[in-house]
Amino acid sequence: MAHIPDGVLSFPVLVGGGALAVGAIALGLKKIGDEDIPRTAILSAGFFALSLFALPVGPSSVHLLLGGLMGIVLGTAIFPAVCVALLLQAVMFGFGGLTTLGVNIINIALPGALIGSLVAPMIQRATPARAAVIAGVASALCVALTGLMVAASLALSSADYMLSARVMIASYIPLMLIEGFVGGFCISFVKRVKPELLAGAA
Amino acid sequence: MMRLLAALALLAASAWPAQAHRLKLFATLEGETISGYAFFVGGGRAQDADLRIKDEAGHEIAQLTTDKSGAYSYKAPQTQTYHLIANTGDGHVAEATIDKGRFSGASAAALAPDEDDTPAAAATTAQIERAVDAAVARQLRPLMEAYEAAESRTRFNDIMGGIGMIIGLAGLALWSSARRKTKP
């Protein structure tokens, strides 16, 4: 899915992704306050563990990305959170490469950060039911954006990896549905029992 | 609340069979036929994946597609090292290599034939060798498949270790920010 392994991407794409990731992580770290640290760590750990579990769907196999959920709760702190989790996945499970770490961080975290900071104020004001709908749509959009960015990273690197639209649709549409439900459920739950968790998204 | 969520996540993680999500390519040699399948570790086979075969020099010599069970087979035209690259089209790529030393012809050439071998005896030797190769390949295949599947299985301990590491990092960050505050 979004864990691109080593030796697939071309050098300019790797360097570009790496530079973007370093900048984004620096920005995220600068904005993290003391009170943001625990929830950043919890979501990082959640992403680390949940995105290890994959389900076979159609011709491929999918796993959760949680980009929308992390983006809504963390804002720009999503970059360090995803960085730590992806680094551990790469080192411990050979899950995505080390050279592709930057590209993978950007592909997963950037849609979350953008869409998350866009909808976070709306969710803060909304009722739990409405918040669930907004978060669900946002999560599904994040998955689609991540899919497009993965496709772009591969297509920019080599014509060999031009992606077939059929496979992309077959694997990303089910994931968008699943992510939408998971994101919506989590946000409405948090909204009901601990709304202050959503208040401080940078 | 957080403790409840953490407990739930833990429960879900331990109840689920440990599966990592990663494409792998299984390849083995039977006679002159390279065969195998593309699979996701713990998560099914890769159907209709693009499979390219490259020779020693890196030139692409064949392009196949995996079938409904992710399987493929390719008749090797000559004895050389083959590189296989599977691509599912959504960001998963896996590679495998069949070394030229695994072709039966390679070992036969290495053993210099005896001077007094009659052509008939040489033919019998070649036949026996092929039969042994086929038998060994057949028997080894399940073992190699099991090894490939086990090699990258996600283990519960590893997941807990990773989560522990993240919690440790958070503790470190909190500690350093607390230190910064207490300093004048």
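As the structure is a prediction and not an experimental result, all values here were calculated from the model. (Residues numbered from 1 in each chain as written. Chains lettered and ligands numbered in written order. Predicted model: local features only at pLDDT ≥ 70, side-chain atom pairs only at ≥ 80, totals over all residues.)

Undergrad: Could you clarify how one ought to interpret the overall build of chain B in this entry?
TA: The helix and strand tally for chain B stands at 4 helices and 7 strands. In chain B, the succession of helices and strands from N to C terminus is α-β-β-β-β-β-β-β-α-α-α. Classification of the 184 residues of chain B by burial places 25% in the buried group. Contacts in chain B between residues far apart in sequence, at least 24 positions, make up 56% of those at least 6 positions apart. (Helix = DSSP H or I, 4+ residues; strand = E, 2+ residues; numbered from the N terminus. Buried ≥ 20, exposed ≤ 12 C-beta atoms within 10 Å, placed from the backbone. Contact = placed C-beta atoms within 7 Å.)

Undergrad: Looking at this structure, I do not really get the packing of helix H1 (residues 11–31) of chain A against helix H4 (residues 78–93) of chain A. What am I missing?
TA: Residues and elements named next belong to chain A. Across the interface, H1 lies against H4 with an axial gap of 7 Å and an inter-helix angle of 120°. Accordingly, the angle class assigned to the pair H1 and H4 is oblique. Residues Ala24, Ile25, Gly28 and Leu29 of H1 form the contact with H4, whose own contacting residues are Ile78, Phe79, Pro80 and Cys83. Counted by class, the contact of H1 with H4 contains 7 nonpolar, 1 polar and no charged residues. (Axes fitted to C-alpha atoms, helices over the stretch in contact; angles between N-to-C directions. Parallel < 35°, antiparallel > 145°, perpendicular 65-115°, else oblique. Nonpolar A, V, L, I, M, F, W, Y, C, P; charged D, E, K, R; others polar.)

Undergrad: What is the right way to read the sheet that holds strand S7 (residues 93–98) of chain B from this model?
TA: Strand pairing within a sheet occurs via backbone hydrogen bonds; the two strands may be parallel or antiparallel. All names here are of chain B. Ordered in space as S4-S3-S6-S7, the 4 strands form an open sheet in which the pairing is antiparallel. The sheet is open, and its two borders are formed by strand S4 (60–65) and S7, each paired with just one other strand. Averaged over all pairs of adjacent strands, the angle between strand axes in this sheet comes to 20°, irrespective of strand direction. Strand direction decides the pairing type here: strand S3 (residues 50–54) and strand S6 (residues 82–87), joined by 5 bridges, are antiparallel. Directly across from Lys54, in S6, lies its bridge partner His83. (Pairing = 2+ DSSP bridges.)

Undergrad: Sorry if this is basic, but what is going on with the sheet that holds strand S5 (residues 71–75) of chain B here?
TA: All names here are of chain B. Reading across the sheet, the 3 strands line up as S1-S2-S5 and stay open at both edges, with antiparallel pairing between neighbours. This sheet does not close on itself; its edge strands, each paired only once, are strand S1 (23–30) and S5. The sheet shows a mean angle of 20° between the axes of neighbouring strands, direction not considered. Note that strand S2 (residues 33–40) and S5 share 5 bridges and pair antiparallel. Looking at S5, one finds that Ser35 is bridged to Ser73.

Undergrad: Explain the packing of helix H3 (residues 67–74) of chain A against helix H6 (residues 128–157) of chain A to me, please; I cannot follow it from the model alone.
TA: Helix packing for two helices is described by the angle between their axes and how far apart those axes are. Residue and element names in this part refer to chain A. Their axes nearest at 7 Å, the elements H3 and H6 cross at an angle of 120°. The angle between H3 and H6 falls in the class oblique. Crossing handedness for the pair H3 and H6: right-handed. Here Gly67, Gly68, Leu69, Gly71 and Ile72 of H3 lie close against H6, whose contacting residues are Ala135, Ala138, Ser139, Cys142, Val143 and Thr146. Split into classes, the residues belonging to the contact of H3 with H6 amount to 6 nonpolar, 5 polar and no charged. (Left-handed = near helix turned anticlockwise from the far one by under 90°.)

Undergrad: Help me out: how do you make sense of the environment of Gly46(A) in this one?
TA: Position of Gly46(A) relative to the elements: it lies in helix H2 (residues 37–50). Sequence separation between Gly46(A) and Leu66(A) is 20 residues, and the spatial gap between their C-alpha atoms is 8.8 Å.

Undergrad: I would appreciate a short explanation of the nonpolar core in the present structure.
TA: Note that soluble globular proteins tend to have their nonpolar side chains buried in a common cluster. In terms of nonpolar packing, the biggest core is built from 96 residues, with Ala81(A), Val82(A), Ile105(A), Ala109(A) and Ala86(B) touching the most fellow members. A per-element tally of this core places H6(A) first, with 13 residues. (Core = buried A, V, L, I, M, F, W, Y, C linked by C-beta atoms within 7 Å.)

Undergrad: Hey, could you run me through H4(A) in this one?
TA: Owing to its 3.6 residues per turn, the α-helix aligns residues three or four sequence positions apart on the same side. Residue and element names in this part refer to chain A. Here H4 contains 16 residues, and its C-alpha end-to-end distance of 22 Å stays within 8% of the 22 Å for a straight helix at 1.5 Å per residue. In terms of burial, H4 is largely enclosed, as 13 of its 16 residues are buried. Among the residues trailing H4, Gly94 stands out with phi positive, at a value near 60°. (Expected span 1.5 Å × (residues − 1).)

Undergrad: Looking at this model, I keep getting lost on the pairing of S4(B). Mind explaining?
TA: Side-chain direction in a regular strand flips from residue to residue, so the side chains alternate between the two faces of the sheet. Residues and elements named next belong to chain B. Among the 6 residues in S4, 0 count as buried, and that is only a small part of the element. Here S3 pairs with S4 via 5 bridges, running antiparallel. For Asp50, the partnering residue across the bridge sits in S4 and is Thr65.

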